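# Observations on the three-dimensional arrangement
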Amino acid sequence: MAALCAAFPAFASDRAQTDEDRATKPIIVTAPLTEAERRKQLRAFTREIIRPPRKDRPIARFRFPICPKVKGLAPEDARAIEARIRDNAQRLGSGANEDPNCTPSVRVAFMAPGAGAAVSWLNEESEQLSHLPIYQRRRVLSEKAPVRAWSKVVLRDQLGQPLRLLENNGRVIGGQDSPILVDQFSASDPIHTSEITGAAILIEREAAEGFTLAQLADYITMRTFLGTQSPDAELSPAAATILTLFRQGDPPTGLTLYDKALVESVYKASRQSTPRRVIATTASTAARAEQRRSDAGGQ
């Protein structure tokens, strides 16, 4: 997979536009957003890409140091991606398990062409997705990118005991051995935590050609450290993010200011933090980082 080390090719632009075209094209001057307007825009964007938990449950995150395992690439490429993911975890997330023999909690597979397109890998009856509620399974299966990603999440009570979840159709998922059954939460409930105990991501190997190993590792980071989905391909993203990696265009070379703000906000949040508070913190942190970069001349 040496091609994975190559830079992503630049796409042709419309710079060949003639002077006459430029002269006749109307110029629209738009006032820059105020800080409050930018935070509002970033809040809406975060709600779009983060997979929202239902019934105001906490945003899920890893509780223990992560252990990544990459398959489907040359061994040296796989190890390089694993090392980058561990470095990201140390800087932004829950920390990383450095034991080379640790039990993987982040599993990555680059699928060979013989496996077919992403739409053929899984269905609603697939065992790999059996722990997910129906709405989450459908969200995984409906993804447009050449990727499928999901997490195993355990909801715990204030004592750390797993809770069983009751879906609207009466199906019980999660914490199967727990005597505690819950179907809704309110502000008066004791503190609950939402823990990712394992994450998996499948990527079409051919679709990964042309990207750097760092880009792939950072994309995997954003898809597995917390539940996210790629921004709507039909819209321009409100902030640069590595989550646009598989869209046409010139993607970021790695984690962006916004990406770092999102991961850090989730992992630094207290157990009492609601999704709304985490999203607001992400927007504020990203907006401040953008302003600092602007004040420094874009450096």
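Only a predicted model underlies this, so the values are computations on that prediction, with no experimental measurement involved.

## Looking at the overall build of the protein chain
The helix and strand tally for the protein chain stands at eight helices and eight strands. The 299 residues of the protein chain split such that 42% are buried. Partitioning the intrachain contacts of the protein chain with sequence separation of at least 6 by distance along the chain shows that 71% fall at a separation of at least 24. Carbon and sulfur atoms make up 50% of the accessible area of the protein chain, which totals about 16,400 Å².

## Re a positive patch on the surface
A surface patch of like charges, here positive, comprises Lys69, Lys71, Arg79 and Arg107. Structurally, Arg79 can be placed in helix 3 (residues 75-92).

## Describing the environment of Gly227
Tracing the backbone through its elements, the reader meets Gly227 in the loop between helix 6 (213-224) and helix 7 (257-268). The class for Gly227 is partly exposed, based on a relative accessible area of 22%. The spacing of Gly227 and Ile196 is 31 residues in sequence and 9.2 Å in space, taken between C-alpha atoms. Here Gly227 is in contact with Ile49, Ile50 and Arg51, once residues within four sequence places are set aside.

## Regarding the environment of Lys40
Tracing the chain through its elements places Lys40 in helix 2 (residues 35-49). Spatially, the C-alpha atoms of Lys40 and Ser284 are 9.1 Å apart, while their sequence positions differ by 244 residues.

## Thoughts on the pattern of salt bridges
Applying the stated criterion to the full structure yields seven salt bridges. Arg38 serves as the salt-bridge partner of Glu290, at 2.7 Å between the closest nitrogen and oxygen. Pair noted here: Glu290 is in helix 8 (residues 275-295) and Arg38 is in helix 2, with a separation of 252 residues, a long-range link.

## Description of the packing of aromatic side chains
Evaluation of the coordinates by the stated rule reveals three aromatic pairs. Their ring planes at 55 degrees and their centres at 5.2 Å tell us that Phe45 and Tyr258 sit as a pair that is tilted. One end of the pair, Phe45, is in helix 2; the other, Tyr258, is in helix 7, with 213 residues separating them in the sequence. On the accessibility criterion, Phe45 (3% relative accessible area) is buried. Measuring from ring centre to ring centre gives 5.4 Å for Phe211 and Phe246, while their planes differ by 80 degrees; the resulting arrangement is edge-to-face. Taken together, the positions of Phe211 in the loop between helix 5 (205-208) and helix 6 and Phe246 in the loop between helix 6 and helix 7 put the pair 35 residues apart, joining distant regions of the chain. Taken together, the ring pairs in this structure connect Phe211, Tyr219 and Phe246 into an aromatic cluster.

## Considering the confidence of the model for the protein chain
As a general rule, the predicted coordinates of low-pLDDT regions are not to be interpreted in detail. Averaged over all residues, the pLDDT of the protein chain equals 82, while 76% of them reach at least 70. Mean pLDDT across the elements of the protein chain ranges from a minimum in strand 7 (residues 181-182), with 43, to a maximum in strand 2 (residues 68-71), with 98. Note that residues 5-18 has pLDDT below 50 and, in this model, 19 contacts with residues that lie over four places away or in other chains. Confidence drops under pLDDT 50 across residues 166-188; counting only partners more than four residues distant or on other chains, this segment forms 50 contacts.

Rules of the game
Residues numbered from 1 in each chain as written. Predicted model: local features only at pLDDT ≥ 70, side-chain atom pairs only at ≥ 80, totals over all residues. Heavy atoms only, no water. Helix = DSSP H or I, 4+ residues; strand = E, 2+ residues; numbered from the N terminus. Buried < 20%, exposed > 50% of the residue type's maximum accessible area, 1.4 Å probe, protein only. Contact = heavy atoms within 4.5 Å. Areas by Shrake-Rupley, 256 points an atom, 1.4 Å probe, with all protein chains shown as cover. Patch = residues over 30% accessible without salt bridge, like charges linked within 9 Å, V, L, I, M, F, W, Y side chains within 5 Å. Salt bridge = Lys/Arg side-chain N within 4 Å of Asp/Glu carboxyl O. Lys, Arg positive; Asp, Glu negative; His and termini not counted. Charge placed at Lys NZ, Arg CZ, Asp CG, Glu CD. Phe/Tyr/Trp six-rings, centres within 6.5 Å; stacked < 30°, edge-to-face > 60°. pLDDT = per-residue confidence, 0-100.

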